[in-house]
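# Commentary on secondary and tertiary structure
Now for the letters of each chain:
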Protein chains: 2
Amino acid sequence: MTASRLIALDWGSTRLRAFLLGDGGEVLQTRQSNDGAATLKGADQYAAALAALVGDWRADHPEVQLLACGMVGSQYGWREAPYVRCPADAAALAGQVLKLDDSISIIPGLVDDAAQPDVMRGEETQIVGALALNPALADDACLVLPGTHSKWARVKAGRVTGFATHMTGELFALLRQHSVLNRLMPADGSSPASPEAFLKGVDAAREEGALSHQLFAVRTLGLFKQLGPEQLPDYLSGLLIGHELAHELQGSQPRVALIGDPALCARYAQALARFGQPEPLLLDNTAPAGLWALAQTMNLN
Amino acid sequence: MTASRLIALDWGSTRLRAFLLGDGGEVLQTRQSNDGAATLKGADQYAAALAALVGDWRADHPEVQLLACGMVGSQYGWREAPYVRCPADAAALAGQVLKLDDSISIIPGLVDDAAQPDVMRGEETQIVGALALNPALADDACLVLPGTHSKWARVKAGRVTGFATHMTGELFALLRQHSVLNRLMPADGSSPASPEAFLKGVDAAREEGALSHQLFAVRTLGLFKQLGPEQLPDYLSGLLIGHELAHELQGSQPRVALIGDPALCARYAQALARFGQPEPLLLDNTAPAGLWALAQTMNLN
């Protein structure tokens, strides 16, 4: 097959992002909807969500292949794709792709079979994309994908050798919205950013106290007006990201690359600087590049 | 005044508990309602909640004094009682009681003015009660009050010298009810206890990994069926309590006394054993004893 197009689908829990890729993998068009895997149930709903977002692309390119990554392949997804064990490279992922039908395939997830097993779905594709765009990283790098569930992946000689998940983004959202810490803060989204409060939180985390104790400082520093209400969300963010870094930066580290939402990656970069780390490489969503590279490995297009 | 009765009020965020105390402080009657400070606003609502629960006691004993501790004295409470600075003993607390009117007084809270300031309201009274009931603790002890916000207080020579709060119970509730970890678990309250899963969680916490990472194991151990759905809440509980202990047990410790709900204290006792600690002293709610002791210090009755 030598179709000159690929529809790349980054299909996570909360969003479906579609990329129409042309010769060489360049992004011709981008679309997204809120039909994330967490909101869909059953093959019919997945098929309908896909038709709603990219039905016209498929009509325009009848031979086009669709390649998807993310929670669409989880046990609660469209259909369950396998997990590939670490260490794994792009060829190992491509070799275990789930063929949903003649035109739609789902990239498997990765599992790190350590004492505490760990899993990812979607980030493995972003990692493949990051290595395709920056071949120098393949030798030895630490790829960090901040988010609801941040991933810290170690890459050596082109393979993901292991990784760890931190529930940093989810803890932030839970504590921001549902905990007693919420009471002293302004309503969601209404506060200007406070870089000083963020770095103060990072610095507190560097002391390596217990997170469950340090979180209570969000309350007491607010109570005693050492921080203003609008600064508390940033202090909380700094504490949580700082704790993540304090543990992951133990021991020597190769170069860090941050992949994902630019504003969130900028926060991580600030925190890394506070830990004395060299400036990280910053990469935006590399899922389209990863899906393109995997499609080539599969000879899909 | 030599009234032979005292109405002791343990008035927290979620519950109002009232104790009618007789000569010598023995508990004659106990009542409780859900009129916690978090549900009330304004003096009228507090007065009404009090009348609803103990109006007849006050009618029967027109001269009776009421002494309250807890969030009733917070800035969101009936009226704000001060914080007394550590180190502090019963006399220091009694000396700064807030007189609401001729018959109702509120015990101040405690503040530990450390680098990370910390506060308590209600637990200071339970500590006074614990020391009144067990004078041997006053010399040198670590008093632990597990709960939504667990308190670890150090007592030396009859004074609270410092303390730390851990948001352990609140983190458990947030993660149990609102997080992605919830999905693999049975509905709230429907699962039988799993002591093995609890201790497995405690043991994981003893390894001193990052909490934000270890929490994700609740998901992966469930996903790979290394723990059954009904075991996951106990594993989560073990992780959180274990992290609290791992940090608080650093360095040498005096004898630990656990104060509060017997089932929760039993969990902490199991976890302490896992850390090689000697058997702790177990005390149920000591607030009535504390309020009685403080009333005596104040010559209130």
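Source: prediction; values computed, not measured.

Residues and elements named next belong to chain A. Remark: helix H8 (residues 232-248) packs on helix H9 (residues 262-274), axes separated minimally by 10 Å, with the N-to-C direction vectors making an angle of 65°. In this structure, the crossing between H8 and H9 has a hand that is right-handed. Residue-level contacts link Asp 234, Ser 237, Ile 241, Glu 244 and Leu 245 of H8 to Arg 267, Tyr 268, Ala 271 and Leu 272 of H9. A per-class count over the contact of H8 with H9 returns five nonpolar, one polar and three charged.

Time to look at the interface of chain A and chain B. Taken residue by residue, the interface counts 42 residues in chain A and 42 residues in chain B. The largest share of the area that chain A buries against chain B comes from Gln116(A), Met167(A) and Phe216(A), three residues that together contribute 16% of it. Inspection of the region where chain A meets chain B yields zero salt bridges. At the level of elements, strand E9 (118-120), strand E12 (159-166), helix H4 (168-178), helix H6 (211-214) and helix H7 (216-223) of chain A are the ones that each hand at least two residues to the side of chain A that touches chain B. Considered class by class, the residues forming the side of chain A that touches chain B number 22 nonpolar, 15 polar and five charged.

Residues and elements named next belong to chain A. Here the structure, examined in full by the defined rule, presents eight aromatic pairs over all chains. On the numbers, 5.4 Å between centres and 55° between planes, the contact of Trp 11 with Tyr 46 is tilted. Residue Trp 11 is located in strand E1 (residues 6-11), and its partner Tyr 46 is located in helix H1 (residues 43-60); the two are separated by 35 residues in the primary sequence. Classification of Trp 11 as buried rests on a relative accessible area of 0%. Ring centres of Trp 11 and Trp 78 lie 6.0 Å apart, and the angle between their planes is 75°; on these two criteria the pair is classed as edge-to-face. Of this pair, Trp 11 sits in strand E1 while Trp 78 sits in the loop between strand E4 (65-69) and strand E5 (83-85), and the two are 67 residues apart along the sequence.

Here the bond from Cys86(A) into Pro87(A) is cis, since omega is -5°, no more than 30 degrees from zero. Position of Pro87(A) among the secondary structure elements: in the loop between E5 and helix H2 (90-95). With a phi angle near 55°, Asn299(A) is a residue other than glycine that sits in the positive phi range. For Asn299(A), the position within the fold is in the segment after helix H10 (287-297). Residues other than glycine seldom take positive phi values, yet Lys225(B) does so here, at roughly 55°.

Scoring rules and cut-offs
- Residue numbering note: each chain is counted from 1, following its sequence as written.
- Whichever chain is written first becomes A and whichever ligand is written first becomes 1, with later ones labelled in order.
- With the structure being a predicted model, the display of local features is reserved for residues of pLDDT at least 70 and the display and counting of side-chain atom pairs for 80 or more, all residues being used for whole-chain, interface and lining totals.
- Excluded from the side-chain calculations are hydrogens and water; all other atoms, namely the structure's heavy atoms, are used.
- Where helices are involved, their axes are fitted lines through C-alpha atoms of the stretch in contact, as for all axes, and angles between N-to-C directions lie from 0 to 180°.
- Under the DSSP-based scheme used, a helix requires at least four consecutive residues in state H or I and a strand at least two consecutive residues in state E, with every element numbered from the N terminus.
- Rotating anticlockwise by less than a right angle from the far helix to the near helix defines a left-handed crossing, while the corresponding clockwise rotation defines a right-handed one.
- Whether two residues touch is decided by their heavy atoms; if any such pair falls within 4.5 Å, the residues are in contact.
- Note on residue classes: Ala, Val, Leu, Ile, Met, Phe, Trp, Tyr, Cys and Pro are nonpolar, Asp, Glu, Lys and Arg are charged, and everything else, Gly too, is polar.
- Values labelled buried area give the accessible surface lost by two parts on being combined, using a 1.4 Å probe and summing over both.
- Salt bridge, as used here: a side-chain nitrogen of Lys or Arg that lies within 4 Å of a carboxyl oxygen of Asp or Glu.
- Pairs were defined over the aromatic rings of Phe, Tyr and Trp, the Trp ring being its six-membered one, requiring ring centres within 6.5 Å. Orientation was assigned from the angle between planes: stacked under 30 degrees, edge-to-face over 60, tilted for the rest.
- Note on exposure labels: buried denotes an accessible area under 20% of the residue type's maximum, exposed denotes more than 50%, and partly exposed covers the range between, all computed with a 1.4 Å probe on protein chains only.

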